[in-house]
Amino acid sequence: MDKIVVHGGARLEGELRVNGAKNAALLIQCAALLTSGKTTLRHVPQLSDVRTMSRLLERLGCAVEGDRTLAIDAAGVGDGPCEAPYDLVKTMRASVTVMGPLLARYGRTKVSLPGGCAIGARPIDQHLKGLEALGANIELSHGYVNLEAERLHGAAFVFDTVTVGGTQNVMMAATLAKGTTRLENVAREPEVQELATVLNKMGAQIRGAGTSVIEIEGVDELVGVDHAILPDRIEAGTIAVGAAITGGEVLLLDAPVDHMHSLIGKLEDAGVQCVVEPEGLRVYGPDQIEPVDVVTRPHPGFPTDMQAQFMVLASVAKGRSMVTETIFENRFMHVPELQRMGADMHISGNTVVIRGVDRLSGATVMATDLRASASLVLAGLVAEGETEIRRVYHLDRGYESIEERLRGLGANIERVSGARM
Ligand code: UD1
């Protein structure tokens, strides 16, 4: 297994072009299932999650070619089993979002229940309730959910909780339903808007994506499209924190600043200067980080996917910060690892109280999930001495060649391949 070794102390300096957004790419890959033609995706990030989704599409009968430009031809799907098996769903929960498209287009699908994951229980009850409202017959057996419907019909549905994946799944299903669907209390994340944009390009009639109510007029068929994936606000945010804590200066080319308001606001509260330029976002790290309180919320609130990285910022701030997680239970696995690096943190329920220290110290640490891993890399950038991060496969799920990209900005970081654990 690979590991990443960081020697702390270098400033991040220079320019970096932000990659395509993982969470947009994965869902647009799923959307290709709604068409019988060829969909071409550009600026696709080279991530293991994207490859896992391509493998799932292939098992479903799609022809998938390319990498950064990905061509998906869904013509053969109807002959296949329309099934997302356990071995793929367990490695990547986003696999469950093939459910809506397969049900809508082929009238049947069988998807493994995802089960628990490292950041909490993460049920899919809202996905299923929404699809049931559209007319799906649902049966659970042997760890799988079987869904069937002659043709889905439009319906009014109110989500009990704001869910990104649930909104995307039900929205995709409704595009081919007969009649009008009105979804309320939906997620407003940019990746939901992006998916709606692509579906509309395919011929769907969706209004309201980006607000809390989405209306969909069902159509009979959708066609393949050519689409460039929007840049990743979380990758941009992660590098911005790296620039901030190292007192660096980085221009994040193509950063999707319109989707980063809460994040930029919190960086500014911490004393980080953020300048929106025509080419992207320029970030100047201050001499002294100010403490900052953060509460994760659905978009446009502060993203849970930046919570771990912000804790590193707070761990070297001058004073006391509080970080509260309201989206996922059990999303503090990075805390004990950061404590081993000298961070002063105390967990109290869903809040972590952080007292800034002058310097973290390098240690051998273990990555536990995607964003937790990113926080350990960031901590390594400001720690004294060497930090060794193990289990970096988590990192590779969501950050493309992070060590090369950070090295390009001046970090002293390398990947050691095949390290024995
Ligand atoms: C998506 C993102 C993930 C991000 C998260 C929050 C993808 C592939 N993943 O995950 O990276 O961290 O949004 O921005 O885009 N819930 C239910 N019932 C459901 C569905 C969700 O109770 O049927 C709960 C979850 O347990 C969680 C909350 O709703 O507490 C939000 O989950 P959700 O928005 O669905 O997250 P994902 O779509 O899985």
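K.L.:
Explain the site of the ligand residue by residue, including any values.
P.N.:
Around the ligand, the structure places 19 residues, and the nearest of them are Asp125, Thr163, Gly165, Asp305 and Ile327. Contacts to the ligand include Pro123, whose backbone N or O atom sits 3.3 Å from an oxygen atom. The side chain of Asp125 places a nitrogen or oxygen atom 2.7 Å from a nitrogen atom of the ligand. For the ligand, whose free accessible area comes to 740 Å², the fraction covered by protein is 85%.

K.L.:
Help me get a handle on the sheet that holds strand S8 (residues 137-141), residues and values and all.
P.N.:
One open sheet holds the 4 strands; their spatial order is S6-S7-S9-S8, and the pairing between them is mixed. The strands lining the two open edges of the sheet, one partner per strand, are strand S6 (83-84) and S8. As judged from the 5 bridges shared by S8 and strand S9 (residues 144-148), these two strands associate in the antiparallel manner. Considered in S9, the bridge of Leu140 is made with Val145.

K.L.:
Account for unusual backbone geometry, naming residues and giving values.
P.N.:
A negative phi angle is the norm for most residues apart from glycine, just as the trans form is the norm for most peptide bonds. His299 connects to Pro300 through a cis peptide bond whose omega is 10°. The backbone of Asn330 shows a phi angle near 60°, a positive value even though the residue is not glycine. By secondary structure assignment, the location of Asn330 is in the loop between strand S19 (320-324) and helix H11 (334-340).

K.L.:
Mind laying out the nonpolar core, listing which residues take part and the relevant values?
P.N.:
Residues Val98, Leu152, Met171 and Leu199 are the most contacted members of the largest nonpolar core, which totals 75 residues. It is helix H1 (residues 22-31) that provides the largest number of residues to this core, a total of 7 residues. Other than its neighbours up to four places away in sequence, Leu152 contacts Leu103, Ala104, Leu134, Gly135, Ala136, Ala173, Ala177 and Lys178. Val241, Cys274, Val352 and Val392 belong to the second largest nonpolar core, which has 70 residues in total.

K.L.:
Give a description of helix H9 (residues 261-269) that names residues and reports values.
P.N.:
Of the positions making up H9, those classed as buried are Leu263, Ile264 and Leu267. Angularly, the buried residues of H9 cover 95° about the axis, an arc narrow enough to put them on a single face. Considering only its buried residues, H9 is in contact with helix H8 (233-245), strand S16 (273-277), strand S17 (280-284) and helix H10 (307-315). Once H9 ends, the next one or two residues include Gly271, with phi positive near 90°.

K.L.:
Residues and numbers for the side chain of Asp305, please.
P.N.:
One can find Asp305 in the loop between strand S18 (294-295) and H10. Looking at Asp305, its side chain comes within polar contact range of the side chain of Arg331, at 2.9 Å. When neighbours within four sequence positions are excluded, Asp305 is seen to be in contact with Asn23, Ile234, Arg331 and Arg371.

K.L.:
Report on the sheet that holds strand S10 (residues 156-158), specifying residues and quantitative values.
P.N.:
On the basis of which strands lie adjacent, the open sheet formed by 4 strands has the order S10-S11-S13-S12 and mixed pairing. The open sheet has two edge strands with one neighbour each: S10 and strand S12 (205-207). Direction aside, the axes of adjacent strands within the sheet are offset by 15° on average. Across 3 bridges, S12 lies against strand S13 (residues 213-217) in antiparallel orientation.

K.L.:
How would you sum up the packing of aromatic side chains? Please name residues and give values.
P.N.:
This model, assessed by the stated rule, comprises 2 aromatic pairs. Centre to centre, the rings of Phe157 and Phe159 are 4.9 Å apart; their planes meet at 85°, and the pair counts as edge-to-face. The two residues Phe157 and Phe159 agree in class, both being buried. Ring centres of Phe302 and Phe310 lie 4.8 Å apart, and the angle between their planes is 75°; this geometry places the pair in the edge-to-face category. For Phe302, a relative accessible area of 5% puts it in the buried group. One residue, Lys110, lies across the ring of Tyr144, its end atom 4.9 Å from the ring centre.

What counts and what doesn't
Along each chain, residue indices are assigned from 1 in the same order as the chain's sequence is written. Residues qualify for local features only when their pLDDT is at least 70, as the model is predicted, and side-chain atom pairs are given and counted only at 80 or more; totals for whole chains, interfaces and linings, by contrast, use all residues. Only hydrogens and water are set aside; all other atoms, that is, all heavy atoms of the structure, feed into the side-chain values. In this text, near means that some heavy atom of the residue lies within 4 Å of the molecule or strand in question. Between N or O atoms, a polar contact is any pair within 3.5 Å; within protein, one atom must be a potential hydrogen donor and the other a potential acceptor, and residues adjacent in sequence are included only when both atoms are from side chains. For the area figures, the Shrake-Rupley method with a 1.4 Å probe applies, and any residue is considered shielded solely by the protein chains shown. Strands pair, by our definition, only if DSSP identifies at least two bridges between them. A helix here means a DSSP run of H or I that spans at least four residues, while a strand means a run of E at least two residues long, and both kinds are numbered starting from the N terminus. The definition of a nonpolar core used throughout is a set of buried Ala, Val, Leu, Ile, Met, Phe, Trp, Tyr and Cys residues joined through side-chain atoms within 4.5 Å. Residue exposure (1.4 Å probe, protein chains only): buried if accessible area is under 20% of the type maximum, exposed if over 50%, otherwise partly exposed. Only heavy atoms enter the contact rule, under which two residues are in contact if any of them lie within 4.5 Å. As used here, the arc belongs to the directions running from the helix axis to the C-beta atoms. Helix axes use the C-alpha atoms of the stretch in contact, all axes being lines fitted to C-alpha atoms, and the angles between their N-to-C directions lie in the range 0 to 180 degrees. Classification of ring pairs uses Phe, Tyr and Trp, with its six-membered ring standing for Trp, and accepts pairs whose centres are within 6.5 Å; under 30 degrees between planes counts as stacked, over 60 as edge-to-face, and the remaining range as tilted. In our convention, an over-ring charge means Lys NZ or Arg CZ found within 6 Å of a ring centre and within 35 degrees of that ring's normal.

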